[in-house]
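Letter by letter, the chains look like this.
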Amino acid sequence: MLNFRALLFILGIFLSALTGFMLIPLSLAIYLGESTSGAFARSCIYCGIAAAICLHNGQKKRLQLNIRDMFILTSFTWIIVSLFAALPFTIYIGINYTDAFFETMSGITTTGSTVLSGLDNMDRSILIWRSLLQWFGGIGFIVMAVAILPFLNVGGMRLFRTESSDWSDKTVPRTQLMAKNLLFVYCSLTLLCYVAFHYSGMSWFDAINHAMGTVSTGGFSTSDQSMAAFSHEAQWFGIIFMISGSLPLLLFVYSLQQSSLKVWNDAQVKGFLIFITLVSLALGTWLSFVKDMPFIDALRLSTFNVVSVVTTTGFGLTDFDSWGTLASITFFFLLFVGGCSGSTSGGIKIFRFQIAFAVMVQQLKQQFHPKSVFKSRYNEQIINPEIVNSLVTFMLLFIMLFVIITVILVATGLDLMTSISGSITAISNVGPGIGPEIGPSSNFASIPEVAKWALAIGMLMGRLEILTVAVLFHPKFWRF
């Protein structure tokens, strides 16, 4: 049986938090005398009433959730919160609800795809709301990845073997403490990023917006030019904090608790840093020769764009489509990669490639020595069949979802490259696609409404590690 009252109560908590976040742009709009104040006031009222209804009708004491409840909670909460969070866009800007929902889902899943233009002249309260959505979504996913996904055997956090994956009574206080520590690290990184951006020449408003978009690896900007509108120094700081946001935040917590950097001796982190370094250097060297530009400029452009795509942040700096076919193909494959497990980034994630490679090496050895027994290892631990099964399931679902959304986009009349890159950029939560229509110098405003809904679903499934949502479509899931 589903625990409807408990689910309603938790949904009420999320909607209450969303109402509280809406007060920030509302206060800013009132202070600056912007006409958006009415839109945010109405949205606060609607959201607050819904939250009150859920809290009143939901369970108020002990919460008892089973596995089925947790799957429903992690999927429907994000959908319902996005439905309400889209209200300020459609009430004030006047865009249709499809565009408003697309923009909201893109923000709250930290994807960064947008349908809006004219950002340089847009009301500040709307801009801060976009940034708050992705910042809220970033920390929301991190807490969920630590506290819920391991319990459901979904995602890569199972590798950390944290106590938060045990939902017994004795571990609830520990889970709450871990969530507080993660929030502290997340806020600290955001504050440091803000200081760095402001120091590099950004105004306080641009700095806080881009800090939230960088640490959450969301990619929303306050300018149509994105990070190209700011100094080279700001772009280098952006690289540093995009990488920080794509590293496992639990390792930051462990470093503070143990006052040691030994926890960073992690195969996933080392593999991720080596990968982006090698790709950035190779592409920067190639760009310097082909485009005949100073190496330091080529390195800055290549590194920023590589890091932006691999970390699934999606900030724009230059149109890498104009660099030639080799660059376009390179960035297309980078759309799949993603950052580290337990970070705010999306994508397939580095650890899955590493585990797949280790299993492949084991199978090759087994072919040479069929009577021998080989054990694949990752982070000095034996890779158990449970993790391999999870990896195979994820990859199969990833490919299936990629094909389905691509077919839907092609059926709406979009060209093949736009459909393919749009599908993968949504599922990987990257932001910009490839091509003239949805590339780094464009947005998603011109694509059909059906395509936007398909991409929004892809963003959600990609953010929730696909399996969390896919299991809801199995008939046996709903049998009591």
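Residues numbered from 1 in each chain as written. Predicted model: local features only at pLDDT ≥ 70, side-chain atom pairs only at ≥ 80, totals over all residues. Heavy atoms only, no water.

Another aspect to go through is the overall build of the protein. When helices and strands are counted, the protein shows 18 helices and 2 strands. In terms of C-alpha radius of gyration, the protein reaches 22 Å, essentially the compact-globule figure of 23 Å for 480 residues. Excluding contacts between residues fewer than 6 apart, the proportion of contacts in the protein whose partners are at least 24 apart in sequence is 71%. Surface summary for the protein: the accessible area is close to 20,300 Å², and the carbon and sulfur share equals 67%. Here the protein contributes 27 positive and 23 negative side-chain charges, whose respective centroids are spaced 17 Å apart. (Helix = DSSP H or I, 4+ residues; strand = E, 2+ residues; numbered from the N terminus. Rg over C-alpha atoms; globule rule 2.2 N^0.38 Å. Contact = heavy atoms within 4.5 Å. Areas by Shrake-Rupley, 256 points an atom, 1.4 Å probe, with all protein chains shown as cover. Lys, Arg positive; Asp, Glu negative; His and termini not counted. Charge placed at Lys NZ, Arg CZ, Asp CG, Glu CD.)

With that settled, the discussion passes to the confidence of the model for the protein. Per-residue confidence for the protein gives a mean pLDDT of 86, with 91% of residues at or over 70. Low pLDDT, under 50, characterises residues 156-172; the stretch is placed with 40 contacts to residues that sit more than four places away or in other chains. (pLDDT = per-residue confidence, 0-100.)

Moving on to a nonpolar patch on the surface. Judged by side-chain polarity, Leu396, Met400, Ile404, Ile408 and Val450 come together as a nonpolar surface patch covering roughly 440 Å² of accessible area. At 4 residues, helix α15 (residues 385-411) tops the list of elements feeding residues into the nonpolar patch. (Patch = residues over 30% accessible without salt bridge, like charges linked within 9 Å, V, L, I, M, F, W, Y side chains within 5 Å. Salt bridge = Lys/Arg side-chain N within 4 Å of Asp/Glu carboxyl O.)

Its place among the elements puts Trp204 in helix α8 (residues 204-215). A sequence separation of 10 residues divides Trp204 from Tyr194, and the C-alpha atoms of the two residues are 8.0 Å apart. Other than its neighbours up to four places away in sequence, Trp204 contacts Arg124, Tyr194 and His198.

The relative placement of two packed helices is expressed as an angle between their axes plus a distance between the axes. Between helix α11 (residues 267-290) and helix α14 (residues 350-368), the least distance of the axes is 9 Å, while the angle of their chain directions is 100°. With respect to their mutual orientation, α11 and α14 come out roughly perpendicular. On α14, the residues that touch Ala267, Gln268, Gly271 and Phe272 of α11 are Ile350, Phe351 and Gln354. (Axes fitted to C-alpha atoms, helices over the stretch in contact; angles between N-to-C directions. Parallel < 35°, antiparallel > 145°, perpendicular 65-115°, else oblique.)

With 121 residues, the main nonpolar core has Leu15, Trp129 and Phe331 as its most contacted residues. With 11 residues, helix α6 (residues 124-147) is the single largest residue contributor to this core. Beyond its immediate sequence surroundings of up to four residues, Phe331 is in contact with Leu283, Asn305, Val306, Val309, Phe320, Trp323 and Ile434. Listed in part, the 8 residues of the second largest apolar core include Leu7, Ile10, Phe71 and Leu472. (Core = buried A, V, L, I, M, F, W, Y, C linked by side-chain atoms within 4.5 Å. Buried < 20%, exposed > 50% of the residue type's maximum accessible area, 1.4 Å probe, protein only.)

Summed over the entire model, instances satisfying the criterion amount to 5 salt bridges. A salt bridge links Lys452 to Asp99; the shortest N-O distance between them is 2.5 Å. Placement of the pair is Lys452 in helix α17 (residues 449-463) and Asp99 in helix α5 (residues 97-108), with a sequence separation of 353 residues. By the burial criterion, Lys452 is buried, and Asp99 matches it. Arg352 is the salt-bridge partner of Glu465, the closest N and O atoms lying 2.8 Å from each other. With Glu465 in the loop between α17 and α18 (467-470) and Arg352 in helix α14, this residue pair connects regions lying 113 residues apart in the sequence. Note on Arg352: relative accessible area 4%, which makes it buried. It is possible to trace a salt-bridge network through shared partners that takes in Lys349, Arg352 and Glu465.

For an α-helix, 3.6 residues make a turn, and residues three or four places apart therefore share a direction. Between the first and last C-alpha of helix α16 (residues 416-427) there are 17 Å, a value that for 12 residues agrees with the 16 Å anticipated at 1.5 Å per step. For α16, the buried fraction is high: 9 of the 12 residues fall into the buried class. Buried within α16 are the following residues: Thr418, Ser419, Ser421, Gly422, Ser423, Ile424, Thr425, Ala426 and Ile427. Structurally, α16 contributes buried residues whose contacts are with α13 (325-334), α15 and α17. Two or three places before Met417, at the start of α16, stands the capping residue Asp415, its side-chain oxygen 3.2 Å from that residue's backbone nitrogen. (Expected span 1.5 Å × (residues − 1). Polar contact = N/O pair within 3.5 Å; in protein donor to acceptor, adjacent residues only side chain to side chain.)

To continue, consider the side chain of Thr468. On the secondary structure map, Thr468 appears in helix α18. Judged by its relative accessible area of 0%, Thr468 is buried. Side-chain polar atoms of Thr468 contact the backbone oxygen of Leu464, separated by 2.7 Å.

With that settled, consider the packing of α11 against helix α12 (residues 295-310). The contact between α11 and α12 brings their axes to 8 Å, and the two run at 140°. With respect to α12, the element α11 is oriented oblique. When you trace α11 past α12, the crossing you get is right-handed. Where α11 approaches α12, its residues Phe272, Phe275, Ile276, Val279, Ser280, Leu281, Leu283, Gly284, Thr285, Leu287 and Ser288 are matched on the opposing element by Phe295, Ala298, Leu299, Leu301, Ser302, Thr303, Val306, Val307 and Val310. Here the residues of the contact of α11 with α12 are counted per class, giving 14 nonpolar, 6 polar and no charged. (Left-handed = near helix turned anticlockwise from the far one by under 90°. Nonpolar A, V, L, I, M, F, W, Y, C, P; charged D, E, K, R; others polar.)

A few words now on helix α1 (residues 4-32). Between its first and last C-alpha, α1 extends 42 Å over 29 residues, near the 42 Å set by a 1.5 Å rise per residue. Gly33 lies just past α1 and shows a positive phi near 70°.

Attention now moves to the environment of Met461. Positionally, Met461 belongs in helix α17. Residues Met461 and Leu401, 60 residues apart in the sequence, show an inter-C-alpha distance of 8.8 Å. Those residues in contact with Met461 that sit more than four places away from it in its chain are Leu401, Ile466, Val469 and Ala470.

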